[in-house]
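# Observations on the three-dimensional arrangement
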Amino acid sequence: MKQFQTSKAIQRLPDQFFATMIDKLNLYKNRGYDTLNLGQGNPDQPTPSHIVQSLKEAAENPDFHKYPPFHGYEFFKEAVAEFYKREYDVDIDPETEVAIMPGSKTGLVELSQCFLDPGDVALVPDPGYPDYWSGIEMVGAEMKSMPLREENGFLPDYAEIDEESWEKAKLMFLNYPNNPTGAMADADFFAETIQEAEKNDVCVVHDFAYGAIGFDGNKPLSFMQFEGAKNVGVEVYTMSKTYNMAGWRVAFAVGNPSVIQALEVIQDHYFCSIFGGLQKASATALLSSQECVTELAETYEKRRDLLVSGLEEAGYHVAPCQGSFFTWLQVPEGYTSQGFADDLLETTGLFVAPGIGFGTYGEGYVRIGLNNSEEALRDAVKRFKAFKQK
Ligand SMILES: Cc1ncc(COP(=O)(O)O)c(C=O)c1O
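Before going into details, it helps to say that this report is about the structure given with it. Everything numeric here is computed off the predicted structure, so don't read it as measured data. (Residues numbered from 1 in each chain as written. Predicted model: local features only at pLDDT ≥ 70, side-chain atom pairs only at ≥ 80, totals over all residues. Heavy atoms only, no water.)

## Re the packing of helix 13 (residues 291-313) against helix 15 (residues 374-389)
Quick reminder of the rule: Each axis is a line fitted through C-alpha atoms, taken for helices only over the stretch in contact, and angles between the N-to-C directions span 0 to 180 degrees. A helix here means a DSSP run of H or I that spans at least four residues, while a strand means a run of E at least two residues long, and both kinds are numbered starting from the N terminus. With respect to orientation, any angle under 35 degrees is reported as roughly parallel, any angle over 145 as roughly antiparallel, any angle of 65 to 115 as roughly perpendicular, and every other angle as oblique. Here a crossing is called left-handed whenever its near helix is offset anticlockwise from the far helix by less than a right angle, and right-handed whenever the offset is clockwise. The contact rule is simple, with two residues in contact once any of their heavy atoms fall within 4.5 Å. For this scheme, ten residues count as nonpolar: Ala, Val, Leu, Ile, Met, Phe, Trp, Tyr, Cys and Pro. Four count as charged, namely Asp, Glu, Lys and Arg, and the remainder, Gly too, count as polar.
Where helix 13 contacts helix 15, the axes come no closer than 9 Å and their chain directions differ by 10°. Considered as vectors, helix 13 and helix 15 are oriented roughly parallel to each other. Where helix 13 crosses over helix 15, the handedness of that crossing is right-handed. Side by side, helix 13 and helix 15 meet where Lys302, Arg303, Leu306, Leu307, Gly310, Leu311 and Glu313 of the first sit next to Glu374, Leu377, Arg378, Val381, Phe384 and Lys385 of the second. Broken down by class, the residue content of the contact of helix 13 with helix 15 amounts to six nonpolar, one polar and six charged.

Okay, structure coming up:
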């Protein structure tokens with residue numbers, strides 16, 4: 001069959017490291033291994049029933065069978081504004097400061113397409129969520145890593161960024177609670193970020209995917225809570241993790257009106273917003289009782305306690321896990337992250353994500369998800385113990 005040549009933009013896209021890893025997991029599964037997947041970040045629980053019910057009712061509404069408004073329904077944007085006021089005491093103008101997106105993965109790629117040209121620089125956390133790289137590569141911009149080190153609480157040290165990179169930088173991606181390290185950012189860090197962004201004319205994109213998942217009584221801080229944040233950037237929020245709605249593909253961005261407007265312009269060309277029923281059910285999620293969210297965070301916290309204490313008892317070092325649903329385990333001496341993940345899979349059937357898949361500074365660690373039942377995590381701890389003793 002004729003093989004058509006793809007565009008340079010497509011050729012530049014980085015390999016999907018995790019797709020390769022999943023192929024490996026499936027290979028072991030097919031060989032009859034008793035595998036346990038701790039490597040992926042897929043919420044394991046169903047969407048709360050009142051949200052599902054809201055979608056069912058909305059699906060019957062013929063108004064939603066038509067094309068939705070290009071930029072989404074006002075009622076959803078108003079619900080977003082109400083959510084930010086209630087949760088963070090932040091004023092958001094639903095008309096100019098909210099963009100609705102079909103999942104934040106899409107929005108993050110679009111932001112690079114909106115603001116980067118070839119030769120521009122995007123500052124990215126390393127280790128970090130690999131989808132930041134996709135949009136940057138697609139437009140032919142350069143990536144400058146901001147190392148996240150355990151001794152700095154996995155926060156970037158802005159003093160490490162050289163003058164030339166600051167000059168060329170147009171976008172900066174941040175993400176707290178952090179995937180993959182489980183770290184949280186404090187108020188001082190966000191205040192410093194705003195100062196640097198102002199000084200260097202950089203647009204900050206704070207990916208708040210795990211905004212609802214903070215542990216030990218600490219509610220994750222929204223970037224928008226800080227004075228001047230709206231002037232220098234946006235926050236991207238997904239329904240996927242807070243409400244176990246990963247399959248629904250609904251997210252939104254809030255903040256700087258010029259960034260919101262650019263997102264709406266690019267989306268005018270890609271989409272005609274998302275199905276109105278999804279917007280209705282998402283508004284229901286944001287405006288109803290948040291008890292399900294509290295319970296969810298408690299569930300992850302219990303799982304974290306069980307897993308981390310078990311691993312530490314077995315002699316592993318786990319970085320402090322303050323939020324998100326990931327723990328970041330240091331691999332035993334003598335191993336690379338990939339070597340450890342491979343050996344662990346081969347000898348115990350446990351599948352973890354090697355840190356190198358998240359960037360150079362992810363080397364030396366593996367990511368373990370909390371998206372399995374307590375029973376499964378107890379089993380995982382046993383297998384980790386057996387691995388250590390082999
Ligand atoms: C840090 C981070 N940002 C964004 C996403 C994408 O979320 P969505 O389901 O909205 O595309 C994920 C999903 O795993 C994530 O971990």
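## Some details on the site of the ligand
Spelled out, the test is: Any residue with a non-hydrogen atom lying within 4 Å of a molecule or strand is treated as near it. Whenever two N or O atoms come within 3.5 Å, that pair is a polar contact, provided that in protein one can donate a hydrogen and the other can accept it, and provided that, for residues adjacent in sequence, both atoms are side-chain atoms. Per-residue and other accessible areas were derived by the Shrake-Rupley procedure at a 1.4 Å probe size, with only the shown protein chains allowed to occlude residues.
Asp207, Tyr210, Thr238, Ser240 and Arg249 are the nearest of the 13 residues found near the ligand. Within the contact set of the ligand, an oxygen atom lies 2.7 Å away from a side-chain nitrogen or oxygen of Thr238. Between the ligand and the protein, one listed contact pairs an oxygen atom with a side-chain N or O atom of Ser240 at 2.6 Å. Considering the ligand on its own, with 390 Å² of exposed area, one finds that the protein chains cover 92% of that surface. Breaking the shell around the ligand down by element, the ones donating at least two residues are helix 5 (104-115) and helix 10 (239-242). When the residues that make up the shell around the ligand are grouped by side-chain class, the tally is three nonpolar, six polar and four charged.

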